[in-house]
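Working through the structure, step by step
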Amino acid sequence: NVPEDQADKLLLASWGLPKAVLEKYHSLGVVQMFEWQAECLMLGQVLEGRNLVYSAPTSAGKTLVAELLILKRVLETRKKALLILPFVSVAKEKKCYLQ
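About the thresholds
- Residues numbered from 1 in each chain as written.
- Predicted model: local features only at pLDDT ≥ 70, side-chain atom pairs only at ≥ 80, totals over all residues.
- Heavy atoms only, no water.
- UniProt positions renumbered as here; feature names shortened; annotations may be inferred.
- Helix = DSSP H or I, 4+ residues; strand = E, 2+ residues; numbered from the N terminus.
- Phe/Tyr/Trp six-rings, centres within 6.5 Å; stacked < 30°, edge-to-face > 60°.
- Buried < 20%, exposed > 50% of the residue type's maximum accessible area, 1.4 Å probe, protein only.
- Lys NZ or Arg CZ within 6 Å of the ring centre and 35° of its normal.

Once that is clear, we can look at the UniProt feature "domain: DEAD/DEAH-box helicase" (unreviewed entry) in the protein. UniProt annotation of "domain: DEAD/DEAH-box helicase" (unreviewed entry) refers to residues 44-93 when read in the numbering used here. End C-alpha to end C-alpha, residues 44-93 measures 31 Å, and it is 44% helix and 0% strand.

What follows covers the packing of aromatic side chains. The full count for this structure, using the stated rule, is 1 aromatic pair. Centre to centre, the rings of W36 and Y54 are 6.2 Å apart; their planes meet at 40°, and the pair counts as tilted. With W36 in helix α2 (residues 35-42) and Y54 in the loop between α2 and α3 (62-77), the pair connects residues that are 18 residues apart, well separated along the chain. Here Y54 falls in the partly exposed class, since its relative accessible area comes to 25%. In this arrangement the basic side chain of K9 is found over the ring face of W15, its NZ or CZ atom lying 5.0 Å from the centre.

Shown next, in the form of structure tokens:
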């Protein structure tokens, strides 16, 4: 569980994302994360590029964790990222979304 003193970490705005990114998520109705998603982002040195392995049911929000990690690293390091997705339809959707 996310400690009470870090409850603000559930809000997307707490993760240092650019305003345009936050606005896009907000337009899709995503303003905050589930506790387990914030816990993933706060584990060890995940935000510094360390590995993260996590599992959750379909439609639980796994992609949001991956997107936030990728976006933060790309914006902070100015390096490229490779996002591998299981289906062409999902890849096309994310391509349009992330542009």
